[in-house]
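Given next are the chains, with one letter for each unit.
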Amino acid sequence: VSPPRSLPRWSRAAAVAAIGLMGAALIAIVWTTQRSVRDARATMLTGQAAEANGVVRARMMELADLPLAERVNSAFEAAAAQHVKYLAVLEADNTVAADAGQPSADHAALQAWVASAAPALPVRVGDRVRVVFKRTRNRARDDAPPPPPAAGARTRGPATFLLELDPGMVD
């Protein structure tokens, strides 16, 4: 009976190197997959918020002749499919003019958040995603003031909407 032969030294080093390379490749794959999923989630939340904003704005325009509180309630109900849990229409100074649904914070906290929030950028706040949308006036390239409204024309200032969404579907 002959004694068992051991692998040459270079063979053992090659096996250890191959295992190390496979481990490094696995870590790189997990890292890139995690980044891709995180980016896809952010894109989906942005899309969900933009879709909800579109539904709210369309409903608000459809009901332009109704009082603001009724328009907001109707827009809130219309945006239920987009998982909107709270909707607020804000004045120019960020105070709540009308709202519907259950806010995740009191009006003062929401007002402070809106003052520093980037428009159309969903932000996770507790178990909700909060986003603010502002409609701005179109200005000429030279940033001239807008022309005065025609006599008897309805004027509408920039409307700001604050939405809180349930991100459960995206998650």
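Residues numbered from 1 in each chain as written. Predicted model: local features only at pLDDT ≥ 70, side-chain atom pairs only at ≥ 80, totals over all residues. Heavy atoms only, no water.

1. Considerations on the overall build of the protein
So, step 1. Counting its secondary structure elements, the protein contains three helices and five strands.
So, step 2. Classification of the 171 residues of the protein by burial places 26% in the buried group.
So, step 3. The contacts in the protein between residues at least 6 apart in sequence include a share of 60% that link residues at least 24 apart.
So, step 4. Taken as a whole, the protein presents about 11500 Å² of accessible surface, with 60% of it coming from carbon and sulfur. (Helix = DSSP H or I, 4+ residues; strand = E, 2+ residues; numbered from the N terminus. Buried < 20%, exposed > 50% of the residue type's maximum accessible area, 1.4 Å probe, protein only. Contact = heavy atoms within 4.5 Å. Areas by Shrake-Rupley, 256 points an atom, 1.4 Å probe, with all protein chains shown as cover.)

2. Some words on helix H3 (residues 107-116)
So, step 1. Along H3, the residues classified as buried are Leu110, Trp113 and Val114. Looking straight down H3, one finds that the buried residues subtend no more than 100° of arc, so they occupy a single side. Of the exposed residues in H3, those oriented more than 90 degrees away from the buried face are Ala108, Ala115 and Ser116.
So, step 2. Close packing links the buried residues of H3 with strand S1 (84-90), strand S3 (123-125), strand S4 (128-134) and strand S5 (160-165). (Arc of directions from axis to C-beta.)

3. Section: the pattern of salt bridges
So, step 1. Summed over the entire model, instances satisfying the criterion amount to three salt bridges.
So, step 2. A salt bridge links Arg130 to Glu164; the nearest nitrogen and oxygen atoms lie 2.9 Å apart. Placement of the pair is Arg130 in strand S4 and Glu164 in strand S5, with a sequence separation of 34 residues. In terms of burial, Arg130 and Glu164 fall into one category: buried.
So, step 3. Linked by salt bridges that have partners in common, Arg128, Arg130 and Glu164 make up one network. (Salt bridge = Lys/Arg side-chain N within 4 Å of Asp/Glu carboxyl O.)

4. Side note on the pairing of strand S2 (residues 96-101)
So, step 1. As judged from the five bridges shared by S1 and S2, these two strands associate in the antiparallel manner. Bridging from a neighbouring strand, Leu87 pairs with Ala100 of S2.
So, step 2. Between S1 and S2, which pair antiparallel and follow one another directly, the connecting turn spans five residues, one of which, Asn94, has a positive phi of 70°. (Pairing = 2+ DSSP bridges.)

5. Let's talk about the packing of helix H1 (residues 9-62) against helix H2 (residues 68-78)
So, step 1. Relative orientation of the contacting elements H1 and H2 amounts to 140°, with a least axis distance of 9 Å. Taken together, the axis directions place H1 and H2 in an arrangement best described as oblique. The hand of the H1/H2 crossing is right-handed. Touching Val55, Val56, Arg59 and Met60 of H1 are Leu68, Arg71, Val72, Ser74, Ala75 and Ala78, all from H2.
So, step 2. Here the contact of H1 with H2 is built from residues that sort into seven nonpolar, one polar and two charged. (Axes fitted to C-alpha atoms, helices over the stretch in contact; angles between N-to-C directions. Parallel < 35°, antiparallel > 145°, perpendicular 65-115°, else oblique. Left-handed = near helix turned anticlockwise from the far one by under 90°. Nonpolar A, V, L, I, M, F, W, Y, C, P; charged D, E, K, R; others polar.)

6. Observations regarding the side chain of Glu164
So, step 1. Residue class for Glu164 comes out buried when judged on its relative accessible area of 0%.
So, step 2. A polar contact is formed between the side chain of Glu164 and the side chain of Arg130, at a distance of 2.9 Å.
So, step 3. Leaving out residues up to four positions away in the same chain, Glu164 has contacts with His83, Val84, Lys85, Tyr86, Gln102, Pro103, Ser104, Leu110, Arg128, Val129 and Arg130. (Polar contact = N/O pair within 3.5 Å; in protein donor to acceptor, adjacent residues only side chain to side chain.)

7. Thoughts on H2
So, step 1. Taken together, the buried positions of H2 are Arg71, Val72, Ser74 and Ala75. Taken end-on, H2 shows its buried residues confined to a sector of 165°, consistent with a single buried face.
So, step 2. Residues of H2 that are buried sit in contact with H1, S1 and S2.

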